[in-house]
Amino acid sequence: MSGQISPTLTVAMVLLVRLAQVGSCADDGQTKRNFGNTTRTNLTTTAGVGMRTNRTGNERHNIPPEDDVLSWSLEPPRFACDENSSMSYAMYCQGKVLHTVAMLNIFKDSKTFVDKPMKRDPEEINADFKAHFSHTITTNDREAVRSFVEENFGTEGDDLSECANGTMSDWVDDPEYLISIDDNEMRRFALEIHALWKKLCRTIKNEVKEYPQRYSLLYVPNEFIIPGGRFRELYYWDSYWVVKGLIASGNFSTLSVSLYSKYAFLFGHFYSFLLSFLI
């Protein structure tokens, strides 16, 4: 391929930039995981939280009910997803389990819970949760709630697999243009950065396709590149930089599969939902 960028690639990059602008308006840039607002609240200092004393004399605090957290004074709350856009909305976007986990600060990172796949269907887990915690939940229930989550949810990231060897068909360990860098230190650094592509390549497990109601991750059939760290899913904004990086590394086939095919699939399956963000 010559040094010129094809018209198709140019159009794709323009689209990705537009999507990046949309994605940047969302909390934490998140556009692919169906998770709701799980803002942390310090229960010991939250105004209006009821306080009781148990038999041992230790103070305990009731967690605020959902209606107190979600303000209806101006307009009904708008959730990140609902029954029209996600089969798992009742667990990852709203509901008693999500509310309780957030209010009790079960995890330091609010993204942890919504990244955990369910071991059973959400209706079953919600029913069991209501049966186990039919009383007014207080801070004394924190460990019981934590145990319930561990029993009914898997580990975050279990819905993904690292790409197998050979997945990136156009992969070259030592691209000629990097080997030709004169400065030894810069050449070593460039090759280390280049090698990260294989570590960031992911595929989504078939279980996500078979049981979408148990996952917050949207299924796509092809491999794709993740940002890394706690960010294990697709992001519009990061995809723009992935495009630039793959072009720089000469991985044009990987670019075609991981980005063109990915967005074609997403638009084909979630056209009306995505269109609502672009208008």
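Residues numbered from 1 in each chain as written. Predicted model: local features only at pLDDT ≥ 70, side-chain atom pairs only at ≥ 80, totals over all residues. Heavy atoms only, no water.

Where an unreviewed UniProt entry is consulted, the protein appears under the name Trehalase, with the organism given as Parascaris univalens. Database annotation for the protein, UniProt heading Catalytic activity (unreviewed entry): "alpha,alpha-trehalose + H2O = alpha-D-glucose + beta-D-glucose". Quoted verbatim from the Sequence similarities (unreviewed entry) field of the UniProt record, the comment on the protein reads "Belongs to the glycosyl hydrolase 37 family." (UniProt positions renumbered as here; feature names shortened; annotations may be inferred.)

Caption draft 1: Spatial organisation of the environment of Ala264. Tracing the sequence through the fold places Ala264 in helix α12 (residues 252–278). Judged by its relative accessible area of 53%, Ala264 falls in the exposed class. (Helix = DSSP H or I, 4+ residues; strand = E, 2+ residues; numbered from the N terminus. Buried < 20%, exposed > 50% of the residue type's maximum accessible area, 1.4 Å probe, protein only.)

Caption draft 2: Up close: the confidence of the model for the protein. The share of residues in the protein with pLDDT of 70 or more is 69%, and the mean pLDDT across the chain is 75. Mean pLDDT in the protein bottoms out at strand β1 (residues 51–53), which sits at 38, and peaks at helix α7 (residues 142–152), which reaches 96. (pLDDT = per-residue confidence, 0-100.)

Caption draft 3: Expanded view of the pattern of salt bridges. Under the criterion given, the structure shown has 11 salt bridges. Residue Lys111 is joined to Asp115 by a salt bridge in which the shortest nitrogen-to-oxygen separation is 2.5 Å. Overall, the relative accessible area of 0% leaves Asp115 in the buried class. The closest approach of N and O atoms between Glu156 and Lys116, which form a salt bridge, is 3.0 Å. Of this pair, Glu156 sits in the loop between α7 and β3 (160–162) while Lys116 sits in the loop between α5 (110–114) and α6 (122–132); the two residues are 40 residues apart in sequence, bridging distant segments of the chain. Its relative accessible area of 12% is what places Lys116 among the buried residues. Here the salt bridges do not stand alone but share partners, grouping Lys111, Asp115, Arg232 and Glu233 into one network. (Salt bridge = Lys/Arg side-chain N within 4 Å of Asp/Glu carboxyl O.)

Caption draft 4: View of the packing of helix α4 (residues 96–103) against α6. The interhelical angle for the contact between α4 and α6, taken along N-to-C directions, is 60 degrees, at an axis separation of 9 Å. Taken together, the axis directions place α4 and α6 in an arrangement best described as oblique. Contacts between α4 and α6 involve Lys96, Val97 and Thr100 from the former and Asn126, Phe129 and Lys130 from the latter. Considered class by class, the residues forming the contact of α4 with α6 number two nonpolar, two polar and two charged. (Axes fitted to C-alpha atoms, helices over the stretch in contact; angles between N-to-C directions. Parallel < 35°, antiparallel > 145°, perpendicular 65-115°, else oblique. Contact = heavy atoms within 4.5 Å. Nonpolar A, V, L, I, M, F, W, Y, C, P; charged D, E, K, R; others polar.)

Caption draft 5: Here's a closer look at the sheet that holds β3. Pairing in this open sheet of three strands is antiparallel, and the strands run β3-β4-β5 from one edge to the other. Only two strands of the sheet have a single partner each, and these edge strands are β3 and β5 (224–225). Across two bridges, the pairing between strand β4 (residues 201–204) and β5 is antiparallel. Bridging from a neighbouring strand, Arg202 pairs with Phe224 of β5. Together, β4 and β5 form the strand contacts of helix α9 (residues 184–200), whose direction differs from that of β4 by roughly 10 degrees. (Pairing = 2+ DSSP bridges.)

Caption draft 6: A nonpolar patch on the surface, seen in detail. A contiguous nonpolar surface patch, about 370 Å² in accessible area, is contributed by Met186, Phe189, Ile193 and Leu196. Turning to its location among the elements, Ile193 is positioned in helix α9. (Patch = residues over 30% accessible without salt bridge, like charges linked within 9 Å, V, L, I, M, F, W, Y side chains within 5 Å. Areas by Shrake-Rupley, 256 points an atom, 1.4 Å probe, with all protein chains shown as cover.)

Caption draft 7: Highlighting the pairing of β4. One ladder, built from three bridges, connects β3 with β4; its direction is antiparallel. Directly across from Leu160, in β4, lies its bridge partner Ile204.

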